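# What the coordinates show
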Amino acid sequence: VRMNYTTKSPSLQRLNRYESSWVFYKMRLKGVRQSDIARMAGMANSSVSEVLKGKKSSLRVYGALCSLLGYPDIAALFSEARRTAA
């Protein structure tokens, strides 16, 4: 996962309500479950849930999500989510 470590780094940003809904939609389309992301990220299912709901941010969860959904990096995922979810 390529990251740009500036103050606007996607790894530090959280999903808003609309982006979160969009991510869950994309997960359903691809057949990706929350437990798949948790396993790949090496984290608890509850932690992944908090990230996907926008309560927290996690580079590990974002990396696993990008990998499973086919995005090159989190910036690309956030960009599409913000374009289409708004």
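Our subject in this report is the structure included herewith. (Residues numbered from 1 in each chain as written. Predicted model: local features only at pLDDT ≥ 70, side-chain atom pairs only at ≥ 80, totals over all residues. Heavy atoms only, no water.)

### Side note on the nonpolar core
Nonpolar side chains in soluble globular proteins generally cluster together in the buried interior. One finds Val-23, Met-27, Ile-37, Leu-52, Leu-65, Leu-69 and Leu-77 to be the most contacted residues of the largest nonpolar core, which totals 22 residues. Secondary-structure elements contributing two or more residues to this core are helix H1 (17–30), helix H2 (34–41), helix H3 (45–52), helix H4 (59–69) and helix H5 (74–85). Of all the elements, H4 adds the most residues to this core, at six residues. Excluding its chain neighbours within four sequence positions, the residues that come into contact with Val-23 are Leu-15, Leu-52, Leu-65 and Leu-77. (Core = buried A, V, L, I, M, F, W, Y, C linked by side-chain atoms within 4.5 Å. Buried < 20%, exposed > 50% of the residue type's maximum accessible area, 1.4 Å probe, protein only. Helix = DSSP H or I, 4+ residues; strand = E, 2+ residues; numbered from the N terminus. Contact = heavy atoms within 4.5 Å.)

### A few points about the packing of aromatic side chains
Going through the model one piece at a time under the given rule, you end up with two aromatic pairs. A centroid spacing of 5.5 Å and a plane angle of 80° characterise the contact between Tyr-62 and Phe-78, whose relative ring orientation is edge-to-face. Of this pair, Tyr-62 sits in helix H4 while Phe-78 sits in helix H5; the two residues are 16 residues apart in sequence, bridging distant segments of the chain. By relative accessible area, which is 2% here, Phe-78 ends up buried. (Phe/Tyr/Trp six-rings, centres within 6.5 Å; stacked < 30°, edge-to-face > 60°.)

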